[in-house]
Structures are given as C-alpha cells and as structure tokens.
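Residue-level listing of the chains:
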Protein chains: 2
Amino acid sequence: MKKITIGEAARQSGVKVPTVRYYESIGLLAAPSRSEGNQRSFEPADISRLAFIRHARELGFEIEAIRTLLTLQDDPHQSCASADAIAKARLVEVEQRIRSLMALKAELETMVEGCGHGRVDQCRVIEVLADHGQCTHSRH
Amino acid sequence: MKKITIGEAARQSGVKVPTVRYYESIGLLAAPSRSEGNQRSFEPADISRLAFIRHARELGFEIEAIRTLLTLQDDPHQSCASADAIAKARLVEVEQRIRSLMALKAELETMVEGCGHGRVDQCRVIEVLADHGQCTHSRH
DNA sequence: CTACATCCTCTAGCGACTAGAGGTGCAAGA
DNA sequence: TCTTGCACCTCTAGTCGCTAGAGGATGTAG
C-alpha cells in the first residue's frame, strides 16, 4: 500500500495542507497513521472525506452541519431526514441572503449612478450613507 | 449642553453599546470627553457618525473602507472619486456574490428535490456532496 | 440611604481558517 | 556520501467584527 502524504491528500481533495491539519484537530477527520518519521499517511477514504467536506464548505454549510452530515454518511442505514433538513435550512438561508443582496445591489446602484463625480460635498455616495432616510428600502 | 451617555448614543444611532466602545478603540470614532465620574459624553455629531458607520456596515462595507469614507466625509472639498470607487467595488462584489448564491441555490434545490426521504444510502443530498461530478455547475 | 440600572476596563471567545517561527524528514543529484 | 532544498512537523498568534462575561464604579429615583 502506497502512502499518501498530506501534500498529496491536499492536492487530490482540493483542501489546503494547513486546513487538512485543522480539520483533524477539530475531529472532522480521523487522525491518520504516521510514518516512522512522524509524517501523516492518509488512506484513499480520507481523500473522499476531505472532498466531501470541501464540497459542503463550498456550498456554505457550517462545520457543525458538516459534522452531522458526515456521521450520517458513516451510517448509511439511518434515515436521511436530518440531511434533508440541513440542506433545506441552508436553502432557506441562501434564498434570504439573495433577497437581501438584491436590495443592497439596488441601493448601491442608486448611490453610484447618482454620483456626479465631483467633490465630496455633492457626492451621493457619502450623502446616502449619512442619511438612511434617502434609501429606497428602509430595511437592508 | 446636555450630556449624551453611551447608552443614549447607542439607542439613537442603532449601534450597540459595546460596539460603540469598539469603534472608539479602533479609532473609527474619536474618543469623546468624559464626565467627572469617567463616563463618556458624546456630541450630536458623534451620533451622526455612528449612524453613518452603521449604515455602511449594513451595506456590507468593510471597516477599512468605512474609515476611508469617513475621512472623505470629514473633508468635503476632496474629490469624491475614492468614495465612488469604493462603492463601485462593493457593487461588483455584491453582484458576484449574488451570481454565486444563485448557482448554489440551484444546486441545493436539486439536492433537496432529489431526496427520496428514505435512508441515507439512497439520499441524494449526501450523494451529491460526496461527488462533485454530479453537480449541475462545476464551479460554485 | 438604598436599590438598581448603567457605566467602566479588561480579557477571552466566536468561526474557519491563515501565517509564521523554528525545527525535522526525505528523496534526488553531484 | 553529502548536500541541497522542498515538504513535513508542532505551536502560537493573527485575521474580522464584534460579543460575552467578570468585577467593579457611577448615577439616579424613590
């Protein structure tokens, strides 16, 4: 069996080397066996687990949510209701965030368009920031 | 002249009390004068400044960007090109973030819809997370 | 005078890493 | 065999923008 170094594991999974160590330190990844010289030696399963974590992080799941998803993955006979709930909750969060960012975008556009590119005392950017009452939407 | 306590300043500006002290500590707000008993005494101008900061934070501007915007506001004869650039940069960020969240939303919807609500070994949520290749978009 | 709210400073913690110091392991070329 | 040089090791501290808590002082109303 070939030894997979942390660098190789990082390359294959797309997770950075210090981050791999960090995941191990918080117990998201089991501590791998070590070489004679105390260097980590990973299994192919560890690479999959790291890729899983990375993908979930890219989708914005929090570490604790990922921890739950991983324990579910480890026991395939469980009901997937929790996984479903976690994904749904994340979806709601994302939708909410999109709505709020759209409002923000509109606000910023008004600011930028209104700016006459002159001096600060005529600048709409500064003006709008100073006076929330000028906002199109009262709630950001 | 009436003294404005930190609690009053917080209430009027919508910034929390510890956050007001934090802004002072990082030099975003000038240290106000103190009462005989060493309590902060704010001026109306401080309230405006706090409201400005709060509004900018709501719009997602970083502290350092706000610091620049505030120095611009302090000197109204300067060109507002910097303010303009900061707002534009923020707009680009927001647009990028929206695009990325939309892709994410699509991904999560596929995951959630595909889940048969059965056991983990048939769960599409877990499956998709484990295998990035199943994603509709290769880049999140 | 006595409650009690509000204020003060200081330190530590959050999440999810990232950076750096200071040292060791290992493989390949001269 | 030696040496170069990269990859690895552990540990601590820093990032951002606050937030929480300890432990004590001040201010105000009854």
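Residues numbered from 1 in each chain as written. Chains lettered and ligands numbered in written order. Predicted model: local features only at pLDDT ≥ 70, side-chain atom pairs only at ≥ 80, totals over all residues. Heavy atoms only, no water.

Some thoughts on the overall build of chain A
The secondary structure content of chain A amounts to six helices and two strands. Mapped from its N terminus to its C terminus, chain A presents α and β elements in the order α-α-β-β-α-α-α-α. What you see for chain A is a C-alpha radius of gyration of 23 Å, clearly larger than the 14 Å of a compact globule of 140 residues, by over 25%. Projected onto its principal axes, the C-alpha positions of chain A cover 70 × 40 × 20 Å. For chain A, buried positions account for 39% of its 140 residues. Contacts in chain A between residues far apart in sequence, at least 24 positions, make up 44% of those at least 6 positions apart. Total accessible area computed for chain A in this model is approximately 7600 Å², and 51% of it derives from carbon and sulfur atoms. (Helix = DSSP H or I, 4+ residues; strand = E, 2+ residues; numbered from the N terminus. Rg over C-alpha atoms; globule rule 2.2 N^0.38 Å. Buried < 20%, exposed > 50% of the residue type's maximum accessible area, 1.4 Å probe, protein only. Contact = heavy atoms within 4.5 Å. Areas by Shrake-Rupley, 256 points an atom, 1.4 Å probe, with all protein chains shown as cover.)

Here's the deal with the nonpolar core
Core analysis: the biggest nonpolar cluster contains 82 residues, and F61, L69 and L129 of chain A together with F61, L69 and L129 of chain B have the highest contact counts within it. Here L129 of chain B is in contact with A51, F52, H55, A56, L59, F61 and L69 of chain A together with M111 of chain B, once residues within four sequence places are set aside. (Core = buried A, V, L, I, M, F, W, Y, C linked by side-chain atoms within 4.5 Å.)

Some points on the relation of the copies chain B and chain A
Structural alignment of chain B on chain A gives an RMSD of 0.2 Å, achieved by rotating through 180 degrees and translating 0.0 Å along the axis. In the structure described here, the two chain copies are related by an operation that fits a two-fold rotation axis. When C-alpha positions in chain B are compared against the rotation axis, the closest is assigned to I98 of chain B, at 2.9 Å. When the interface residues of chain B are mapped onto chain A, 100% of them again lie at the interface, so the same face is used by both copies. (Least-squares fit on C-alpha atoms with pLDDT ≥ 70 in both.)

Comments concerning the interface of chain B and chain A
The interface is formed by 53 residues belonging to chain B together with 53 residues belonging to chain A. When the two sides are added together, the surface that chain B and chain A hide from each other amounts to roughly 4600 Å², 75% of it contributed by carbon and sulfur. When the area that chain B buries against chain A is broken down by residue, the three leading residues are H55, V120 and L129 of chain B, summing to 14%. Scanning the region where chain B abuts chain A turns up zero salt bridges. Put simply, chain B and chain A have four residue pairs in polar contact (both at pLDDT 80 or more) between them. Broken down by secondary-structure element, the contributors of at least two residues to the side of chain B that touches chain A are α3 (44–58), α4 (63–74), α5 (81–114) and α6 (124–130) of chain B. Top contributing element to the side of chain B that touches chain A by residue count: α5 of chain B, with 19 residues. (Buried area = accessible area lost by both parts, 1.4 Å probe. Salt bridge = Lys/Arg side-chain N within 4 Å of Asp/Glu carboxyl O. Polar contact = N/O pair within 3.5 Å; in protein donor to acceptor, adjacent residues only side chain to side chain.)

Comments concerning the packing of helix α4 (residues 63–74) of chain A against helix α5 (residues 81–114) of chain A
All names here are of chain A. Where α4 contacts α5, the axes come no closer than 10 Å and their chain directions differ by 150 degrees. Between α4 and α5, the angle is such that the two are roughly antiparallel. Judged by the twist between their axes, the crossing of α4 over α5 is left-handed. Contact with α4, carried on its side by A65, T68, L69 and L72, involves S82, A83 and I86 of α5 and no other residues of that element. Taken together, the residues that form the contact of α4 with α5 break down as five nonpolar, two polar and no charged. (Axes fitted to C-alpha atoms, helices over the stretch in contact; angles between N-to-C directions. Parallel < 35°, antiparallel > 145°, perpendicular 65-115°, else oblique. Left-handed = near helix turned anticlockwise from the far one by under 90°. Nonpolar A, V, L, I, M, F, W, Y, C, P; charged D, E, K, R; others polar.)

As for the UniProt feature "domain: HTH merR-type" (unreviewed entry) in chain A
Look at the UniProt record and you will see "domain: HTH merR-type" (unreviewed entry) annotated at residues 3–72 of chain A. Taken end to end, residues 3–72 of chain A has its terminal C-alpha atoms 28 Å apart, with 60% of it in helix and 6% in strand. (UniProt positions renumbered as here; feature names shortened; annotations may be inferred.)

Here we look at the protein's contact with DNA strand C
Looking at DNA strand C, there are 19 residues lining it, with Y23 and R57 of chain A together with G7, R21 and R40 of chain B nearest. Taken together, the sugar and phosphate atoms account for 89% of what DNA strand C places within 4 Å of the protein. Here a phosphate oxygen of DNA strand C sits 3.5 Å away from a polar atom, N or O, in the main chain of I63 of chain A. Contact between DNA strand C and R34 of chain B: a phosphate oxygen at 3.0 Å from a side-chain N or O atom of the residue. Elements supplying a minimum of two residues to the surface near DNA strand C: α2 (17–25) of chain A together with α1 (6–13) of chain B. By residue number, the principal contributor to the surface near DNA strand C is α2 of chain A, which donates three residues. (Near = heavy atom within 4 Å.)

Some points on the domain arrangement of chain A
All names here are of chain A. Domain assignment breaks chain A into domain 1 (1–78) and domain 2 (79–140). Centre-to-centre, using C-alpha coordinates, domain 1 lies 36 Å away from domain 2. If you look at the interface, domain 1 gives nine residues, while domain 2 gives seven residues. Considering only the surface of domain 1 that becomes buried against domain 2, F61, L72 and Q78 emerge as the three largest contributors, covering 56% of it. The interface formed by domain 1 and domain 2 holds zero salt bridges in total. At the boundary of domain 1 with domain 2, the tally comes to two residue pairs in polar contact (both at pLDDT 80 or more). A per-class count over the side of domain 1 that touches domain 2 returns five nonpolar, four polar and no charged. (Domains from an automatic or database assignment.)

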